Amino acid sequence: MDRHVIVVGAGIVGASVAYHASRAGATVTLVDAGRPGAGVTADSFAWVAASGMRTGPAAGLRATATKEYLRVEAELPGLPVIWSGSLSWRAEGGVPEAGPGQEIVDTAAVMTLEPNLRQPPEWAIWAPGDGAVNPVGVTERLVAGARAHGARVHLDTAVTAVRRDAAGQVAGIETAVGPISGTTVVLAAGVATAALGASLGVRVPVEPSSCPLFRLHAPAGLVRTVVNTQDFDLRQVAAGQLIAAADSPERTLAAVRSTFCGAESVELLNTRRGARPMPADGEPIVGPVAEVPGLYLAVMHAAVTLAPAVGRLIARELVDGIAESALSGCRPDRF
């Protein structure tokens, strides 16, 4: 059986699909108009949040995020993951409700976890199994892993169309430097997936959603965990740098300075505004497209959290022909 899989998009999802499919024995070609992880992946806050109570088709996938990252970390030593845990609270106070993988902690425990807080909350939610990643670094390691298993990687190569044969079956892709033949094409190109699908008459209900990310200069050790409040998501990414996911750089700076002791010198280094792919119902769109045999979609929000799990499951579907029940609620035909 010819299992030549072309993956369009070398963000973290496409890189994971390429890695897992090549590891499973498929012939894989990964194509991207830029560099690995250079698109919206680089604009992700990159919190691996597997804890808490969730609903919806992807709830089960999210719950396995930590386990799946630990598996990939074992397969690809040196994967840039930090298992810091996450700490969440809100200004209104009161005892919050803990979900799976979470604990309710009091002021004393909060101060142990985040000793630089000016006014620690009375109660907070501690998720010890949560972590964060360097999203570009993880993507690069997945691409390197795919290459090590024989995948061909074409970077700085724009895909202009998906090719079909006379019977309507996918036959490969057209690129700016020429055609590439293949029996299966996985569209994992983020917001660009919609346009590529539309060229085939396939509606992919994905819209760009702005994701501001602020990089801050800050003292080393100011923040110890992934901190989630009503003002920001915040974490330390280097000895002298924080990143924050929030709406306004000015309000974020003010909130960080007022929340942490020793934060008076915190300054804005830069702002990135990515366009994350947001499906119409907020849930991943993953699976084959019935009207275009050989076409497979893989586009989602919370891509960093879900990438290892989704990549493994997609590979099983493409290589082993197994319909994975964990993906049953994410299929394109629900729209």
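As a reminder, the structure under discussion sits directly above these lines.
A brief look at the structure comes next.

Cut-offs applied
Residues numbered from 1 in each chain as written. Predicted model: local features only at pLDDT ≥ 70, side-chain atom pairs only at ≥ 80, totals over all residues. Heavy atoms only, no water. Helix = DSSP H or I, 4+ residues; strand = E, 2+ residues; numbered from the N terminus. Buried < 20%, exposed > 50% of the residue type's maximum accessible area, 1.4 Å probe, protein only. Contact = heavy atoms within 4.5 Å. Areas by Shrake-Rupley, 256 points an atom, 1.4 Å probe, with all protein chains shown as cover. Lys, Arg positive; Asp, Glu negative; His and termini not counted. Charge placed at Lys NZ, Arg CZ, Asp CG, Glu CD. Polar contact = N/O pair within 3.5 Å; in protein donor to acceptor, adjacent residues only side chain to side chain. Pairing = 2+ DSSP bridges. Axes fitted to C-alpha atoms, helices over the stretch in contact; angles between N-to-C directions. Salt bridge = Lys/Arg side-chain N within 4 Å of Asp/Glu carboxyl O. Core = buried A, V, L, I, M, F, W, Y, C linked by side-chain atoms within 4.5 Å.

Some details on the overall build of the chain
Logical step 1: The helix and strand tally for the chain stands at 8 helices and 20 strands.
Logical step 2: Projected onto its principal axes, the C-alpha coordinates of the chain cover approximately 70 × 35 × 35 Å.
Logical step 3: Taking all 335 residues of the chain together, the buried fraction comes to 53%.
Logical step 4: The contacts in the chain between residues at least 6 apart in sequence include a share of 68% that link residues at least 24 apart.
Logical step 5: Per element, the accessible surface of the chain, about 13,800 Å² overall, is 52% carbon and sulfur.
Logical step 6: The chain carries 27 positive and 31 negative side-chain charges, and their two centres are separated by 5 Å.

Comments concerning the side chain of Glu-317
Logical step 1: Structurally, Glu-317 can be placed in helix α8 (residues 303–320).
Logical step 2: A relative accessible area of 12% means that Glu-317 is categorised as buried.
Logical step 3: Among the polar contacts made by the side chain of Glu-317, one reaches the main-chain amide nitrogen of Glu-324 at a distance of 2.8 Å.
Logical step 4: There is a polar contact of 2.5 Å between the side chain of Glu-317 and the side chain of Arg-331.
Logical step 5: With residues near it in sequence (within four places) discarded, Glu-317 still touches Tyr-296, Ile-322, Ala-323, Glu-324, Leu-327 and Arg-331.

Here we look at the pairing of strand β10 (residues 159–164)
Logical step 1: Pairing between β10 and strand β11 (residues 170–175): 5 bridges, direction antiparallel. Opposite Val-159, over in β11, you have Thr-175 as the bridge partner.

Quick notes on the sheet that holds β10
As a general point, the strands of a sheet are linked pairwise by backbone hydrogen bonds and lie either parallel or antiparallel.
Logical step 1: The strand order across the open sheet formed by 3 strands is β10-β11-β12, and the pairing between neighbours is antiparallel. Each having just a single partner strand, β10 and β12 (178–181) make up the two edges of the open sheet. Taking each pair of neighbouring strands and ignoring which way they run, the sheet shows an average axis angle of 25 degrees.

Points about unusual backbone geometry
Logical step 1: With a phi close to 65 degrees, Ala-46 is a non-glycine residue in the positive phi region.
Logical step 2: With respect to the helices and strands, the residue Ala-46 is situated in the loop between β2 (27–31) and β3 (47–48).
Logical step 3: Accessibility expressed as a relative area gives 2% for Ala-46, which makes it buried.
Logical step 4: Phi angles above zero are rare outside glycine, and Ala-302 is one such case at about 60 degrees.
Logical step 5: Counting through the fold element by element, Ala-302 comes out in the loop between β20 (295–299) and α8.

Examining the pattern of salt bridges
Logical step 1: This structure, assessed with the given rule, holds 12 salt bridges.
Logical step 2: Here Arg-331 makes a salt bridge to Glu-317, at a shortest N to O gap of 2.5 Å. In this pair, Arg-331 sits in the segment after α8 while Glu-317 sits in helix α8, placing the two residues 14 residues apart along the sequence. Of the two residues, Arg-331 and Glu-317, neither departs from the other in class, the shared state being buried.
Logical step 3: One network of salt bridges, in which partners are shared, links Arg-23, Glu-68, Arg-71, Glu-75 and Arg-312.

Quick word on the nonpolar core
Logical step 1: With 50 residues, the main nonpolar core has Val-7 and Tyr-69 as its most contacted residues.
Logical step 2: The leading source of residues in this core is α8, at 9 residues.
Logical step 3: Setting aside its immediate chain neighbours within four residues, Tyr-69 contacts Ile-12, Val-48, Leu-79, Val-81, Trp-83, Val-133, Val-138, Val-304, Thr-305 and Pro-308.
Logical step 4: Counting 25 residues, the second largest nonpolar core, distinct from the first, contains Ala-124, Phe-214, Leu-234 and Phe-260.

Focus: the pairing of β12
Along a regular strand, successive side chains alternate from one face of the sheet to the other.
Logical step 1: Examined bridge by bridge, β11 and β12 share 4 bridges and lie antiparallel to one another. Along β12, the bridge assignment pairs Thr-175 with Gly-178.

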